[in-house]
Amino acid sequence: MESLLLTDGGRREFLRGLIRMDGYEIGVRVELPPTFPLCLAKVFIDSISPRVERRPHILTDGRLCIEAESDLLLDVHDPWGILRETLVRAHRLLHQILTGDRAAEFARELISYWKGSPRGLPVPCFVAPDDRPRLTKALYFEELLLAVADDPREPARFSPDFSRLPPCTLRNAIYIPIDPLAGDPAFHPDKLATLSELRKYVRALPSRDGRVLDKLLGRSGKHSPLVILGVRRPEGERALVGIQFHDTRGGHPLAHEGNGGSVEKIELQRRDAPFLASRGGADPHLRGRKVLLAGCGAVGGYLAMALARAGVGSLTLVDGDVFELANTYRHVCGIARNGMPKVFGLRQEIERLVPYITVSPYQQRLEAFLHERPQTLDSHDLVIAALGNPTIELELNRRIWSSHRNAPALFCWLEPLGLGGHALLTHGRASQSPARGCLECLYDHPVRGAALENLAAFAKPGEAYTRDSFGCGGRYLPFGDLDAQNTAQLTARLALRVLRGEVEGAPLQSWKGDARAFLQAGYEVTSRYESQTGAFAETLAYIRPDCAVCQT
Ligand SMILES: [Zn+2]
């Protein structure tokens, strides 16, 4: 490569040269951005000879989309090395552009080529792509397209910027899945915005889908000239782009008897549940799962939020308490919901932050809730108790084991003063091969008084670790926000594995914290605490062969 070093107005330096490869001669300009050498240089393609008509990975200003440097560690002391790496990457990409499957590259990059009219922002899209043509809905304010949605209630429900909209008009739109790569080795995104070419792709649908589409095009009427295309990418999943037809006469422009019309590209901003969940590291398959959470205090609050953020679609919250200022520093809701019942405040906080979740709040104690709804334990996929009340938790444990229809249960609790926390899973009789092990096994003499007196305990039994702020009724267990978060995280990870069917048996997991504050207060730890070496203890062998609950 010939190179010539120039300075452009003293601001930007660039190299200019020619690359000869694969029978082409390519005029290249390499610019050093102001932040160089903290990034790769920018490569612009000034010319390609002989001319190549449609070139993927080259932006309108000629810039080559070389891979980002996020996978690279750049040595800032070696700018020439960074320049060399830039050119190696540019060379590799140019080879791919000139000799590779350009149609596949265009399909892969479709969204970046699909720029709508400069007047508008991308239209929020609540359509989940699938493989069949169908009707979906478009929301208009007068003639302005506000959103497209399979369920027209979803924009207002799951997007804060839609909660205060004027009344919208609903019109039908048509979702059409197409696979342009299947029949067109010269595919280019511009072809989708050309009515005659678009008709060819639509006519190439499998005959069954074609018949369905014909009916939809006949039904949709002249007021809905909006089409959402689910364009199959080389990897198999679909990219979504929109098309608004204008100046249509007679039938739908895509119908056999359609007369034509002009085409406007509509850029879509995907907000559908499967897309947002996958993109954000949540599990879209958990949307159909239903979890009952009893106890919405510090641990329960974080747990509920963690399950929502993991993609769980339905949460039932049970707690009789009201938020008090004393909860401020260790609750996921902080001071924001002071005075509200915890279940309602937590629901508001979850719905404020996480879309596509249904939260059902019940402001009552668990025992009353179960009394009124005896079937509830078999209508959920998992029951979690974060009550800080072993008496009620043992009762729940007995209930879980009383019927083979009941969901598995997960119990979690904290040690005082940051010593640690625990989570115990019991499957009850629900699993195919009932796994022994339950909360009752942990207590060799149930109801002996001290709350944490069980086989898993880190704090020595026989002490009252709760503290008293104002006398009667003000007792609380001292622990900090991070202790609650740790316990919630341990429990949430176990819960997600249960919901995915990955856990057999009845594991008891613990996390071990720092004993300094606990020892300074004059307390003693158990030998279990002392024998744990890591921060997390995988499983305690706790199952009792004479347990009255799980061994019968
Ligand atoms: Zn047991």
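Up top is the structure these notes are about.
Criteria and cut-off values
- Residues numbered from 1 in each chain as written.
- Predicted model: local features only at pLDDT ≥ 70, side-chain atom pairs only at ≥ 80, totals over all residues.
- Heavy atoms only, no water.
- Helix = DSSP H or I, 4+ residues; strand = E, 2+ residues; numbered from the N terminus.
- Polar contact = N/O pair within 3.5 Å; in protein donor to acceptor, adjacent residues only side chain to side chain.
- Contact = heavy atoms within 4.5 Å.
- Donors = N, O, S within 2.8 Å, 3.2 Å for Na, K, Ca; no water.
- Tetrahedral: all angles 85-135°; square planar, octahedral: opposite > 155°, others 65-115°.
- Buried < 20%, exposed > 50% of the residue type's maximum accessible area, 1.4 Å probe, protein only.
- Axes fitted to C-alpha atoms, helices over the stretch in contact; angles between N-to-C directions.
- Parallel < 35°, antiparallel > 145°, perpendicular 65-115°, else oblique.
- Left-handed = near helix turned anticlockwise from the far one by under 90°.
- Nonpolar A, V, L, I, M, F, W, Y, C, P; charged D, E, K, R; others polar.
- Core = buried A, V, L, I, M, F, W, Y, C linked by side-chain atoms within 4.5 Å.
- Lys, Arg positive; Asp, Glu negative; His and termini not counted.
- Salt bridge = Lys/Arg side-chain N within 4 Å of Asp/Glu carboxyl O.
- Expected span 1.5 Å × (residues − 1).

A. Representation of the side chain of Gln 364 in the model. With respect to the element layout, Gln 364 can be found in the loop between β15 (358-362) and α12 (366-372). Polar side-chain contacts of Gln 364 include one of 3.4 Å to the side chain of Glu 372. Once you skip the residues sitting within four places of it in the chain, Gln 364 turns out to touch Val 318, Asp 319, Gly 320, Phe 369, Glu 372 and Arg 373.

B. Region of interest: the coordination of the zinc ion. Bound to the zinc ion are the protein donor atoms Cys 438 (SG), Cys 441 (SG), Cys 547 (SG) and Cys 550 (SG), situated 2.2 to 2.4 Å from the metal. Coordination at the zinc ion is tetrahedral: its four donor atoms span angles of 97 to 127° at the metal. Look at where the donors of the zinc ion fall in the sequence and you get C-x2-C-x105-C-x2-C. With relative accessibility at 0%, the residue Cys 438 sits in the buried group. On the accessibility criterion, Cys 441 (0% relative accessible area) is buried.

C. Inspection of unusual backbone geometry at higher detail. Following Phe 36, the chain continues into Pro 37 via a peptide bond in cis, with omega recorded as 10°. Its location among the elements puts Pro 37 in the loop between β3 (24-32) and β4 (42-49). The amide bond that connects Ser 49 to the next residue, Pro 50, takes the cis arrangement and shows omega of -5°. Position of Pro 50 among the secondary structure elements: in the loop between β4 and α1 (79-99). If you check the backbone angles, His 57 has positive phi at about 65° while not being a glycine. Tracing the sequence through the fold places His 57 in the loop between β4 and α1.

D. The packing of helix α10 (residues 298-310) against helix α11 (residues 342-353), seen in detail. The contact between α10 and α11 brings their axes to 10 Å, and the two run at 30°. Here α10 is positioned roughly parallel relative to α11, judged by the angle of their axes. Where α10 crosses over α11, the handedness of that crossing is right-handed. In this structure, α10 contributes Gly 300, Gly 301, Ala 304, Met 305, Ala 308 and Arg 309 to the contact, and α11 contributes Leu 346, Glu 349, Ile 350 and Leu 353. Across the contact of α10 with α11, the residue classes break down as six nonpolar, two polar and two charged.

E. Looking closely at the nonpolar core. Counting 55 residues, the largest nonpolar core has Leu 303, Leu 307, Leu 317, Ile 350 and Ile 384 as the members making the most contacts within it. Where this core is concerned, the elements lending two or more residues are β13 (290-294), α10, β14 (314-318), α11, β16 (382-385), β17 (409-414), β18 (420-426) and α14 (481-499).

F. Local environment of the side chain of Glu 393. Along the chain, the position of Glu 393 falls in helix α13 (residues 390-400). No salt bridge is formed by the buried Glu 393, whose closest oppositely charged neighbour, Arg 365, lies at an N-O distance of 11 Å. For Glu 393, the side chain forms a polar contact with the main-chain nitrogen of Gly 388, separated by 3.5 Å. If we skip the residues at most four places from it in the chain, Glu 393 touches Ala 385, Ala 386, Leu 387, Gly 388, Phe 411, Cys 412 and Leu 439.

G. Looking closely at α1. With 21 residues, α1 should cover 30 Å at 1.5 Å per step; its first-to-last C-alpha distance of 30 Å lies within 8% of that length. Turning to α1, its buried residues are Gly 81, Ile 82, Leu 83, Thr 86, Arg 89, Ala 90, Leu 93, Leu 94, Ile 97 and Leu 98.

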